[in-house]
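Breakdown of the fold
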Amino acid sequence: MTVLTALLTKRSSYPPFQTTIGKSVTISGIGVHSGLTVELELHPLAANMGIIFERSDLKDNAQIMAGINRVVDTRFSTTLGNSFGVTLSTVEHLMAALSAFGISNILVRVSGSEMPIMDGSAGPFMDLLQKAGIVVQEEKRQIIKIKKNVELKEERRWVCLEPADKICFDLSVDFQGREGLKPESGSYSISADVFEKDISKARSFGFYQDAQALYAAGLAKGSSLDNAVVIKEGKVMNKEGLRYQNEMVRHKILDAMGDFYLTGLLLYGKCSGHNIGHEFNNRIMKKLLGTPGAAEIVTL
Ligand SMILES: [Zn+2]
């Protein structure tokens, strides 16, 4: 095991070395679809081990490596699966927090088939990582650098990845005018500090009408006003209101950060887009890495 060197204190840029967490930490919460309580454990891992998920409720074939090619479902959240058919849902919010802190190596153990939803944001995961501490390891960090533009376009949505010397997002959502909601946009250069202040606490959102259909189908059993912003007839139902005026587009950035970080490497470049979601996030990353010359893996 590589010797851990020092606790990370500077958070405005990413160190040129890999990182892990300083100690094991746990938290519990309910799964948004099952409504069942699950235990989440985070453990340090040696350099070059990457991000490994493990189902602690299973004896065999319990591990699933993070990876864009391990995504098996993007309908309600991002679900990973291994070659034995073992799956784990809703990994994206923890992945966003891991991305924001640039954590390279970590073992994530969960006692069920979905991650705890917590409050629907990445805030509780960020707090958990702060409690664990972030430790710099001795091996150099690799990143993905975008070298040329890659895009996907459909009728009402598009996404473009382009070269930039930092990690930044410029996204918008328009809800296609549903229930009279106004379009939202947001533009952020990502660091751990910016994530903590501007992105991490943005919650998942959904429409009351859709939730009723999901409940009727036996889905989203754990979904409630405690873990989502819910819109009914164009109004926010949550008593406390919104956490940010453009909370929904900020959550889109959070989701994209998490989905992109399934590579285990930070993505240096700019992501612009409109009405993107998990499926689009996965497809654009596959396109980026599958297009010759579009991206380069660089040692920092
Ligand atoms: Zn989300």
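Starting afresh in each chain, residues are numbered from 1 along the sequence in its written order. Under the rules for a predicted model, residues below a pLDDT of 70 receive no local features and side-chain atom pairs below 80 are neither given nor counted, while totals for whole chains, interfaces and linings still include all residues.

Some remarks on the overall build of the protein
This is how the line gets drawn: The numbering of helices and of strands both runs from the N terminus, where a helix is a DSSP run of H or I of at least 4 residues and a strand a run of E of at least 2. The globule rule used here is 2.2 Å times the number of residues to the 0.38 power, and the radius of gyration it is set against is calculated over C-alpha atoms. Counting other C-beta atoms within 10 Å of a residue's own tells you its class, since 20 or more makes it buried, 12 or fewer makes it exposed, and anything in between is partly exposed; those C-beta atoms are placed from the backbone. By definition, residue pairs are in contact when their C-beta atoms, positioned from the backbone, come within 7 Å.
If you tally the helices and strands in the protein, you get six helices and 21 strands. For 300 residues, the compact-globule estimate of 2.2 N^0.38 gives 19 Å, and the protein sits close to it at 18 Å. In terms of principal-axis extent, the alpha carbons of the protein reach across some 55 × 45 × 35 Å. Burial statistics for the protein: of 300 residues in total, 42% are counted as buried. The long-range share in the protein, meaning contacts at least 24 apart out of those at least 6 apart in sequence, stands at 74%.

Some words on the sheet that holds strand E18 (residues 229-232)
Hydrogen bonds between backbone atoms are what pair the strands of a sheet, whose relative direction is either parallel or antiparallel. Counted only if it meets this: Only when DSSP finds a minimum of two bridges between them are two strands counted as paired.
Spatial strand order, E17-E18-E19: three strands in an open sheet with mixed pairing. In this open sheet, the two strands that pair with only one neighbour each are strand E17 (205-207) and strand E19 (235-236). Where E18 and E19 come together, two bridges link them in antiparallel fashion. Bridging across to E19, Ile231 finds its partner in Val236.

So, the environment of Phe101
Mapping Phe101 onto the fold places it in helix H1 (residues 92-101). Phe101 sits in the buried class, given 24 other C-beta atoms within 10 Å. For Phe101 and Asp174, which are 73 residues apart along the polypeptide, the C-alpha to C-alpha distance reads 30 Å. When neighbours within four sequence positions are excluded, Phe101 is seen to be in contact with Leu129, Ile134 and Ala192.

Here we look at the domain arrangement of the protein
For clarity, the cut-off: In this entry, domain limits derive from an automatic or database-based domain assignment.
When its domains are assigned, the protein resolves into domain 1 (6-141) and domain 2 (143-299). Computed over C-alpha atoms, the centres of domain 1 and domain 2 are 18 Å apart. Take the side of domain 1 that touches domain 2: its biggest share by element is nine residues, from H1.

What to know about the sheet that holds strand E9 (residues 87-88)
Here we have three strands laid out as an open sheet, ordered E7-E8-E9, and antiparallel in their pairing. Two strands in the sheet have a free side with no partner beyond their single neighbour: strand E7 (71-73) and E9. The pairing of strand E8 (residues 79-81) with E9 spans two bridges and is antiparallel. Following the sheet pairing, Gly81 is matched in E9 by Thr87.

Looking at the packing of H1 against helix H2 (residues 123-132)
We apply this condition: Axis definition: a line fitted to C-alpha atoms, over the contacting stretch in the case of helices. Angles run 0 to 180 degrees between N-to-C directions. Note that the term roughly parallel is reserved for angles under 35 degrees, roughly antiparallel for angles over 145, roughly perpendicular for angles of 65 to 115, and oblique for everything else. Should the near helix be turned anticlockwise from the far one by less than a right angle, the crossing is left-handed, and should it be turned clockwise, the crossing is right-handed. Lys, Arg, Asp and Glu make up the charged group, whereas Ala, Val, Leu, Ile, Met, Phe, Trp, Tyr, Cys and Pro make up the nonpolar group; the residues left over, Gly among them, are polar.
At a closest axis distance of 8 Å, the pairing of H1 and H2 adopts a crossing angle of 45°. Taken together, the axes of H1 and H2 are oblique relative to one another. Crossing of H1 against H2: the hand is right-handed. Contact residues: H1 offers His93, Leu94, Ala97 and Phe101, while H2 offers Phe125, Met126 and Leu129. For the contact of H1 with H2, the per-class residue count stands at six nonpolar, one polar and no charged.

Overview of helix H5 (residues 247-260)
The line we're drawing: Expected helix span is given by 1.5 Å per residue-to-residue step, counting one fewer step than there are residues.
Between its terminal C-alpha atoms H5 stretches 20 Å, which fits the 20 Å expected from 14 residues at 1.5 Å a residue. Among the 14 residues in H5, 13 count as buried, and that is most of the element.

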